[in-house]
Amino acid sequence: MTLSSVETAPAAPAAERVERIRAAAYRIRHHALTMGEVQGQGYVGQALGAADMLAAVYAGQLTYRAEDPHWEGRDRFLLSTGHYAIGHYAALAEAGIVPVAELETYGSDDSRLPMSGMSTYTPGMEISGGSLGHGLTIAVGMALGLRLQGSASRVINFLSDGELDEGSTWEAAMGAHHHQLGNLTAMVDINALQADGATDTVLRTEPVTEKWEAFGWYTQRVDGNDVGALLAAFDNISSQSAAVGRPSVILCDTKVGRGVPLLETREKAHFMRIEEHEWQICREQLTAGYEGTASA
């Protein structure tokens, strides 16, 4: 794990804590495959790649009430990347906010789980998806509003490396630092892929770490598929977060399709079309990989 803007790291998370989050990530991946099979295609690769990030948040960080998604005291999780909704729904099911059985309605007529996230449809979905680059701007306003209300709630904004192409993202980053929003954390999924191709061929954004640091954020870059590294990064944030302070960002290097070798090697992985006979292979590979790691 690479740490930036931090002098010392806390002790590694306990093995039991890491395993609990790993198990949640496995179930999130399994749920994503269940939903993907309903349509035979979709943003399955992103869901698999981001599962560890989502598990670390929902099983290890957020304060919420599953039976009352609009509870005022909740922490807010904002999915800026609306097309990652399949992964978010899987996490909401893992959290008990959405029934697991409902996942099989994904993308169907009258479903509460449309293919792109809609806050008006889905319990636990704070903002609607759509044009990328808006999530962090909303998160800044939400974090500032919560502070003005005297709330102790935090805001976690999930965004993608492709969204770093958008000027609005950097305007929001400046605003967060200006207002010293210590109650705001951004998580960037750096999977090096977007709709038009490899991220560095569309618009090179590296050096990303130095950019966020220059904007005044408490910055850490980790392996986003390493649960221990993710938990340690959140521990570092917790040790220095406050209503007034530096906003934080965790830059997460991930692999599209992580956990399913068949999908990790797909050439066109942004939006995957998966053959009918391949879904069971995907499940078997996912389970074999998880159980093999657990027993190692």
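Definitions and cut-offs
Residues numbered from 1 in each chain as written. Predicted model: local features only at pLDDT ≥ 70, side-chain atom pairs only at ≥ 80, totals over all residues. Heavy atoms only, no water. Salt bridge = Lys/Arg side-chain N within 4 Å of Asp/Glu carboxyl O. Helix = DSSP H or I, 4+ residues; strand = E, 2+ residues; numbered from the N terminus. Buried < 20%, exposed > 50% of the residue type's maximum accessible area, 1.4 Å probe, protein only. 1 Å grid on protein atoms, 1.4 Å probe; cavity = no way out; pocket = protein on both sides within 12 Å on 5 of 7 lines; lining within 4 Å. Points joined across faces, edges and corners; volume = space filled by probe spheres on them. Nonpolar A, V, L, I, M, F, W, Y, C, P; charged D, E, K, R; others polar. Lys, Arg positive; Asp, Glu negative; His and termini not counted. Contact = heavy atoms within 4.5 Å. Core = buried A, V, L, I, M, F, W, Y, C linked by side-chain atoms within 4.5 Å. pLDDT = per-residue confidence, 0-100. Pairing = 2+ DSSP bridges. Axes fitted to C-alpha atoms, helices over the stretch in contact; angles between N-to-C directions. Parallel < 35°, antiparallel > 145°, perpendicular 65-115°, else oblique. Left-handed = near helix turned anticlockwise from the far one by under 90°.

## A closer look at the pattern of salt bridges
Right, on to step 1. Under the defined criterion, the tally for this structure stands at eleven salt bridges.
Right, on to step 2. A salt bridge links D235 to R17, with the nearest nitrogen and oxygen atoms 3.0 Å apart. You can see D235 sitting in helix α8 (residues 227–238) and its partner R17 sitting in helix α1 (residues 15–39), a full 218 residues away along the chain.
Right, on to step 3. With a relative accessible area of 23%, R17 lands in the partly exposed category.
Right, on to step 4. Taking the shortest distance from any N to any O, the salt bridge between R283 and E37 comes out at 2.3 Å. Here R283, found in helix α10 (residues 278–295), pairs with E37, found in helix α1; they are 246 residues apart in sequence, far enough to count as distant.

## What about empty space enclosed by the protein?
Empty space among the atoms becomes visible once a probe the size of a water molecule is rolled across them.
Right, on to step 1. With the rule as written, the count across this model stands at two cavities of 30 Å³ or more.
Right, on to step 2. One number sums up the size of the largest cavity: a volume of about 120 Å³.
Right, on to step 3. As for the largest cavity, its lining consists of 13 residues, and the residues nearest its centre are Y64, R74, D75, I97 and E126.
Right, on to step 4. Residues belonging to the lining of the largest cavity are distributed by class as follows: seven nonpolar, one polar and five charged.

## Here we look at the layout of surface pockets
Right, on to step 1. As a volume, the largest pocket reaches approximately 350 Å³.
Right, on to step 2. The wall of the largest pocket is formed by 16 residues, among which R22, R29, R258, G259 and T293 lie closest to the centre.
Right, on to step 3. Elements with a minimum of two residues in the lining of the largest pocket: α1, α9 (261–264) and α10.
Right, on to step 4. Residue classes in the lining of the largest pocket are distributed as seven nonpolar, four polar and five charged.

## Remarks on the side chain of D161
Right, on to step 1. Structurally, D161 is set in the loop between β4 (155–160) and α5 (167–178).
Right, on to step 2. R221 provides the closest opposite charge to the buried, salt-bridge-free D161, at an N-O distance of 7.5 Å.
Right, on to step 3. Once you skip the residues sitting within four places of it in the chain, D161 turns out to touch V188, D189, I190, N191, A192, L193 and T199.

## Side note on the environment of R20
Right, on to step 1. With respect to the helices and strands, the residue R20 is situated in helix α1.
Right, on to step 2. Residue R20 is classed as partly exposed on the basis of its relative accessible area, which comes to 44%.
Right, on to step 3. For the pair R20 and A55, spaced 35 residues apart in sequence, the C-alpha to C-alpha distance is 9.2 Å.

## A few points about the nonpolar core
One recurring pattern in soluble globular proteins: nonpolar side chains tend to sit buried together.
Right, on to step 1. Judged by nonpolar contacts, the single largest core of 63 residues is most densely connected at Y58, F77 and Y89.
Right, on to step 2. Considering each element in turn, this core owes the most residues, eleven residues, to helix α2 (residues 44–58).
Right, on to step 3. Contacts of F77, omitting those with residues within four sequence positions, involve L54, V57, Y58, L62, H88, E126, I156 and F158.

## Some remarks on helix α3 (residues 85–94)
Right, on to step 1. The element α3 is extensively covered by neighbouring structure, given that nine of its ten residues are classed as buried.
Right, on to step 2. Restricting attention to buried positions, one finds in α3 the residues A85, I86, G87, H88, Y89, A90, A91, L92 and A93.
Right, on to step 3. Contacts from the buried residues of α3 go to α1, α2 and β3 (76–79).
Right, on to step 4. After α3 finishes, the residue G96 shows a positive phi value of roughly 85°.

## Notes on the confidence of the model for the protein
Right, on to step 1. Residues with a pLDDT of 70 or more make up 91% of the protein, whose mean pLDDT is 89.
Right, on to step 2. Under a pLDDT of 50 for its full length, residues 1–10 has, in the predicted model, 25 contacts with residues more than four places off or in other chains.

## Quick word on the pairing of strand β8 (residues 218–223)
Right, on to step 1. Where burial is concerned, most of β8 is hidden: five out of the six residues are buried.
Right, on to step 2. Where β8 lies against strand β9 (residues 248–253), six bridges are found, and the strand directions are parallel. When the bridges of β9 are listed, D223 appears paired with D253.

## Some details on the packing of α1 against α2
Right, on to step 1. The interhelical angle for the contact between α1 and α2, taken along N-to-C directions, is 150°, at an axis separation of 8 Å. Taken as axis vectors, α1 and α2 run roughly antiparallel relative to one another. Handedness of the crossing formed by α1 with α2: right-handed. In contact with I21, A24, A25, I28, R29, A32, L33 and G36 of α1, α2 contributes V44, A47, L48, A51, D52, L54, A55 and A56.

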